[in-house]
Amino acid sequence: MLDWFVVGAGFAGSVIAERLASQRGDSVLVIDRRSHLGGNAYDRLDASGILIHQYGPHIFHTNSDAIVQYLSNFTEWRPYEHRVLASVDGQLLPIPINRTTINRLYGLSLTTEEDVEAFYAAQAEQVADIATSEDVVVSRVGRDLYEKFFRGYTRKQWGLDPSELDRSVTARVPARTNDDDRYFLDKFQAMPLHGYSRMFDRMLNHPNIAVMLETDYEEIRRSIPARNVIYTGAIDEYFGYCFGRLPYRSLRFEHLTCDCEWYQPVAVVNYPQDKPFTRITEYKHLTGQNHPRTSLTFEYPCDSGDPYYPIPRQDNQELYNRYRQLAEQTENVRFVGRLATYRYYNMDQIVGQALAEFRRIQGEFPPCAEP
Ligand code: FAD
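Residues numbered from 1 in each chain as written. Predicted model: local features only at pLDDT ≥ 70, side-chain atom pairs only at ≥ 80, totals over all residues. Heavy atoms only, no water.

Every one of the 30 residues lining the ligand counts as a neighbour, but Asp 32, His 58, Ile 59, Tyr 345 and Met 347 are closest to it. In this structure, Asp 32 approaches the ligand through a side-chain N or O atom, which is 2.7 Å from an oxygen atom. Residue Pro 57 places a main-chain N or O atom 3.1 Å away from a nitrogen atom belonging to the ligand. Notes on the ligand: free accessible area 1000 Å², of which the protein chains cover 97%. Counting residues per element, the ones that place at least two in the shell around the ligand are helix H1 (11–24) and helix H13 (347–364). Residues of the shell around the ligand, tallied by class, amount to 14 nonpolar, ten polar and six charged. (Near = heavy atom within 4 Å. Polar contact = N/O pair within 3.5 Å; in protein donor to acceptor, adjacent residues only side chain to side chain. Areas by Shrake-Rupley, 256 points an atom, 1.4 Å probe, with all protein chains shown as cover. Helix = DSSP H or I, 4+ residues; strand = E, 2+ residues; numbered from the N terminus. Nonpolar A, V, L, I, M, F, W, Y, C, P; charged D, E, K, R; others polar.)

Have a look at this one:
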């Protein structure tokens, strides 16, 4: 009998599988219904030989030395600081909004941080009770910036007006007063040197780990006995949607290659105003690949399709809590990862969650002492 049956070969499942096999010598089967490892972080060479991310751009960033150290067992890194521009009123402007954005958008020449803070304060609207996402933004930067940068993007992203979304969706508006145009401020920002898929291959390349792709848990759960299960799929699916489906927002990705060396000045350009897609990614900026052509992905948010973003509303959280209670009563199954916990997490957070789960397993089942 197998020691562990791991459902899902994304970060959550792969990290736990690797730890169980390499640190405990346990036998592990990893399955995934997709045809590849890596979950949503999967990357591949397209028909032109350009490395692209199948499920949209994945940029690694973290403040945790322990997580970098752990992943560095399986990859080297390419230093990369992510920068995003927004196409607004015919210009490409830094997002998060910063001093450059304000000066270029309004033809100003604000020089000090105090000037920029005073500008935001003069635009900001008084909102007595900050309840919605719209309230969060207009009370910080005013209605014009809200309309230009946030409203259209949010409507496309969530299919709802910011006035209908909980304040937690935009908990904090990153409106900077300096010229820092980095998208993330974490101390470690980098891309796996040879891509995510190579990193996952190395992580799962262990004699105690078997992998089955294009295999659904439902198909084989009864035919392969295992002492314990790590389940990183959707929690409502595990329980047969017995309380109803947890709502998700999905994305349609349109991948294409252009006959030019470069298409846009940075890896990601957001389209908060007129286009039906939310953003365009150009991968060579992320990967540093040299190639005479360039590959892009257009992202179109939609209601149906693979589950990507849990919809952050109170009633959805309550529905999740009912599934979580069932999960807590389910013996020998551990629910780990973004789909199993119905929450958006970055990759580093999922690695942290998986490593923490492994430490709990070590506590509950101490490895056999050496003879
Ligand atoms: P997943 O990667 O989704 O892996 C779960 C796997 O389980 C999937 O492969 C699925 O096929 C499999 N599975 C599910 N159910 C079953 C079943 N019943 N049987 C068999 N297999 C099953 N994070 C960042 O840090 N930086 C970024 O720039 C970033 N960009 C993102 C962009 C987009 C568009 C999205 C949607 C997410 C982004 N993320 C980013 C978040 C990142 O994708 C997640 O943190 C990470 O993928 C979560 O890993 P996971 O293992 O929990 O889930």
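The subject of this paragraph is the sheet that holds strand S1 (residues 2–7). Pairing between the strands of a sheet is mediated by backbone hydrogen bonds and can be parallel or antiparallel. Taken in spatial order, the five strands line up as S10-S2-S1-S11-S17 in an open sheet, and their pairing is parallel. The sheet is open, and its two edges are formed by strand S10 (209–212) and strand S17 (333–335), each paired on a single side. Neighbour-to-neighbour, the strand axes of the sheet open up by a mean angle of 20°, direction not taken into account. Seen against the sheet, H13 touches S1, strand S11 (226–231) and S17 and runs at an angle of roughly 155° to S17. (Pairing = 2+ DSSP bridges. Axes fitted to C-alpha atoms, helices over the stretch in contact; angles between N-to-C directions. Contact = heavy atoms within 4.5 Å.)

Next up on the list: empty space enclosed by the protein. According to the stated counting rule, one finds one cavity of 30 Å³ or more in the structure shown. What lines the largest cavity is simply Asp 43, Leu 51, His 53, Arg 78, Met 191, Pro 192, Leu 193, His 194, Gly 195, Tyr 196 and Thr 287. Listed by contribution, the elements that provide at least two residues to the lining of the largest cavity are strand S4 (51–53) and strand S9 (188–192). Classifying every residue of the lining of the largest cavity by side-chain character gives five nonpolar, four polar and two charged. (1 Å grid on protein atoms, 1.4 Å probe; cavity = no way out; pocket = protein on both sides within 12 Å on 5 of 7 lines; lining within 4 Å. Points joined across faces, edges and corners; volume = space filled by probe spheres on them.)

Of all nine residues making up strand S15 (residues 294–302), eight are buried, and the element is well covered by its neighbours. The pairing of strand S14 (residues 279–282) with S15 spans four bridges and is antiparallel. Across the sheet, the residue bridging to Glu 282 is Leu 296, located in S15. (Buried < 20%, exposed > 50% of the residue type's maximum accessible area, 1.4 Å probe, protein only.)

The buried fraction of helix H5 (residues 133–141) is high, at seven of nine residues. Along H5, the residues classified as buried are Ser 133, Glu 134, Asp 135, Val 136, Val 137, Val 138 and Val 141. Contacts from the buried residues of H5 go to helix H4 (113–123) and helix H6 (143–158). The opening residue of H5 is Thr 132, an N-cap whose side-chain oxygen sits 3.4 Å from the backbone nitrogen of Glu 134. Gly 142 lies just past H5 and shows a positive phi near 90°.

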